[in-house]
Amino acid sequence: MARKKVKLFNKILVANRGEIALRVIRTAKEMGIKTVAVYSLADADSLHIRFADEAVCIGPAESAKSYLNIPNIIAAAEITNADAIHPGYGFLSENAKFSKICRDHGIKFIGASPEHIDKMGDKASAKATMREAGVPCVPGSDGIIDSLEHAKKTAAKIGYPVMIKATAGGGGKGMRMVAAEDLLQKEWDSARKEASAAFGNDGMYMEKFIEEPRHIEIQVAGDQHGNACHLSERDCSIQRRHQKLIEETPSPFMTKELRKKMGEASIKAVEAIRYEGVGTIEYLVDKHRNFYFMEMNTRIQVEHTITEEVIDYDLIKEQIKLAAGDKITKKEHLPKLHAIQCRINAEDPANNWRPSPGKIEVYHEPGGHGIRIDTHVYAGYTIPPHYDSMISKLIVVAQTREEAIAKMRRALDEYIIEGIKTTVPFHIALLKTEAFNKGQFTTNFLEEWDYKKDL
Ligand code: MV4
């Protein structure tokens, strides 16, 4: 993807934990770049500390006092003489203030600029920017709606059902479907209250409600010279409460023509804002294969792995090279294989997905051709209760979708994790469903399938 020789960094501080911290450390090591791990007191036994060249404790278990503690992280970078910081995903990865503070300290933030984070973080203005760039968007309000009256007028114009969304939102918070006008006031008030409490910003916008959509996202990258490329799609339609559970590429719904259109729209988006680094453009795709811009993620994502497997690029390596000034020379990268990722969470799907932290007593990973596991856990490891419940990503790659599904089933059967509850039984059941095997699913899949009886 990026191809010119550039001066790389000497030392990268990884401002994250868990599998993604390890993921970044591994690539940095292969590139001959030194690494610094930071950790909270709850993570003293974590592998990212063992595999990094240096490690600095940045605070107590609570994220707010450690992995979100900007002064302590900057101090750790200065003490260790790190010239770049990789934020991973979550935590400070899309924090404009942190990106700016890194810049002000002469530390390269291997992520988006504060300007790009701000521009895409406000969803109504991100949408306006994308529409301007010629990216298809869901019909709806022109920006923020300032009153209930204005909301009523807009909804009458676009037609029910409508979706009201918080401009500071994303990931579904402060979002409401409204089926008819008599329900508008109630949903309007409750969505605004929720947005105000969650983000301190109750700005709302409105869209036509897209029924039974798919969530298909395009991996993109931009360099510091104005060039952009896309690396095809990922289908992330199967989610629970806006948490992705399984991702695959290519999407079983994709066609050559649609990929070309979505890829070209995504390149236009990156070029229009002169985005630098790796990112993802999320779309809703309706049953007629119309696609609509939803959001842009200005970070490396959990599911970047499946793109790596089918395009044959190390995206963390490309991200580091782009941050160092490397040039993009090829605009379009098409999938050569089929990859699927199951997120293994320490949660009990039979018990309302209750978190299940604790000690892993027995641990055995599947192996063999086409299997990849990205994880920080091991036998005897204790999962702390303070953080995200994802403990492992099981990724398979094969020539066809059918072979990838067969391989994933075999791998899930071999995956032994005892002492805690995990989402492994859920994935085993999911891979038996007719809908998944036929590739016929939408974002409503989990509401329609009574998975508890199949666990
Ligand atoms: C929508 C939509 C239907 N119509 N917008 C959910 C999270 C946020 N990123 C946007 N979301 C949606 N926006 C319109 N106009 C349905 C969803 C949605 C959804 C989207 C992707 C993946 C899973 C989802 C689950 C429920 C709702």
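As the structure is a computational prediction, the values presented were derived from the model and not from experiment.

Each assigned domain of the protein chain is listed with its residue range as follows: domain 1 (11-110), domain 2 (139-208) and domain 3 (214-454). Computed over C-alpha atoms only, the centres of domain 1 and domain 2 are separated by 37 Å.

With that out of the way, let us pick up the nonpolar core. Counting 52 residues, the largest nonpolar core has L13, I85, F98, M262, Y283, F293 and M296 as the members making the most contacts within it. In terms of residues, this core owes the most to one element, helix α9 (residues 256-273), which gives seven residues. Inspection of this core shows a minimum of three residues originating in each of domain 1 (11-110) and domain 3 (214-454).

A few words on the environment of M204. Along the polypeptide, M204 turns up in strand β8 (residues 204-208). Sequence separation between M204 and S40 is 164 residues, and the spatial gap between their C-alpha atoms is 37 Å. Residue contacts for M204: discarding those within four places in its chain leaves G143, I144, I145, I164, K165, A166, T167, G174, W188, A191, R192 and A195.

With that out of the way, let us pick up the sheet that holds strand β1 (residues 11-14). The five strands are arranged β3-β2-β1-β4-β5 in an open sheet whose pairing can be described as parallel. Unpaired on one side and paired on the other, β3 (54-59) and β5 (108-109) mark the two borders of the sheet. Across the sheet, helix α3 (residues 70-80) touches β1, β2 (34-40), β3 and β4 (84-86), and the angle it forms with β3 is around 155°.

What follows covers helix α6 (residues 123-133). Every buried residue of α6 is listed here: K123, A124, A126, K127, M130 and A133. Check the buried side of α6 and you find it contacts α5 (114-121), β6 (162-166), β8, α9 and β15 (291-297). Once α6 finishes, G134 follows within two positions and takes phi at roughly 90°, a positive value.

This paragraph deals with the layout of surface pockets. For the second largest pocket, the calculated volume is near 240 Å³. Looking at the lining of the second largest pocket, the elements with two or more residues in it are α4 (96-104), β5, α5 and α11 (315-323). Sorting elements by how many residues they give to the lining of the second largest pocket places α11 first, with three residues. Formed jointly, the lining of the second largest pocket draws a minimum of three residues from each of two domains, domain 1 (11-110) and domain 3 (214-454).

Time to look at the site of the ligand. Of all residues adjacent to the ligand, which total 16 residues, the nearest are K165, E207, K208, I210 and E295. Within the backbone of K208, one N or O atom sits 2.8 Å away from a nitrogen atom of the ligand. Between I210 and the ligand, the recorded distance is 2.9 Å, taken from a backbone N or O atom to a nitrogen atom. Protein contact buries 90% of the 520 Å² of open area that the ligand shows by itself. For the shell around the ligand, the secondary-structure elements that each account for two or more residues are β6, β8 and β15. A class-by-class count of the residues in the shell around the ligand yields seven nonpolar, five polar and four charged. Built from parts of two domains, the shell around the ligand gets at least three residues from each of domain 2 (139-208) and domain 3 (214-454).

Take the side chain of T298 next. Residue placement: T298 occurs in the loop between β15 and α10 (304-311). With near-sequence residues (within four places) excluded, T298 lies in contact with S93, E94, A112, H116, I117, M120, Y275 and V278.

What follows deals with the pairing of β15. Taken across its seven residues, β15 has seven buried, putting it largely inside the fold. Relative to β15, strand β14 (residues 277-285) is paired through six bridges, and the arrangement is antiparallel. Within β15, the residue paired with E282 across the bridge is E295.

Structurally, G419 can be placed in the loop between β24 (416-418) and α13 (424-430). With relative accessibility at 57%, the residue G419 sits in the exposed group. The spatial distance from the C-alpha of G419 to the C-alpha of G380 is 9.5 Å, given a sequence separation of 39 residues. When neighbours within four sequence positions are excluded, G419 is seen to be in contact with K359 and E361.

What counts and what doesn't
One numbering rule holds for all chains: residues counted from 1, following each sequence as written. The predicted nature of this model means local features are confined to residues of pLDDT at least 70 and side-chain atom pairs, given and counted, to a pLDDT of 80 or more, with totals for whole chains, interfaces and linings taken over all residues. Side-chain calculation: all heavy atoms of the structure are included, whereas hydrogens and water are not. Each domain's limits were defined by an automated method or a database of domain assignments. As used in this record, nonpolar core signifies buried Ala, Val, Leu, Ile, Met, Phe, Trp, Tyr and Cys residues forming a set joined through side-chain atoms within 4.5 Å. Each residue's exposure class comes from its accessible area (1.4 Å probe, protein chains only) as a fraction of the maximum for that residue type: buried when under 20%, exposed when over 50%, partly exposed otherwise. Numbering of helices and strands runs from the N terminus, with a helix taken as a DSSP run of H or I at least four residues long and a strand as a DSSP run of E at least two residues long. By definition, residues are in contact when any of their heavy atoms lie within 4.5 Å. Strand pairing is assigned whenever DSSP identifies at least 2 bridges connecting the two strands. Axes here refer to lines fitted to C-alpha atoms; in helices the fit is confined to the stretch in contact. Angles between the N-to-C directions go from 0 to 180 degrees. A 1.4 Å probe that fits into a set of points on a 1 Å grid over the protein atoms alone but cannot get out defines a cavity; an open set with protein on both sides within 12 Å along at least five of seven lines defines a pocket, and lining residues are those with an atom within 4 Å of a point. Grid points are joined across faces, edges and corners, and a volume is the space filled by probe spheres set on the points. Distances are taken per atom, and a residue is near a molecule or strand as soon as one of its heavy atoms is within 4 Å of it. Within 3.5 Å is the distance limit for a polar contact, defined as a pair of N or O atoms, with the added protein rule that one can donate a hydrogen and the other accept it, and that residues adjacent in sequence qualify only through two side-chain atoms. The Shrake-Rupley method, run with a 1.4 Å probe sphere, supplies the accessible areas, and residue values consider only the shown protein chains as cover. Residues are grouped as follows: nonpolar covers Ala, Val, Leu, Ile, Met, Phe, Trp, Tyr, Cys and Pro; charged covers Asp, Glu, Lys and Arg; every other residue, Gly included, is treated as polar.

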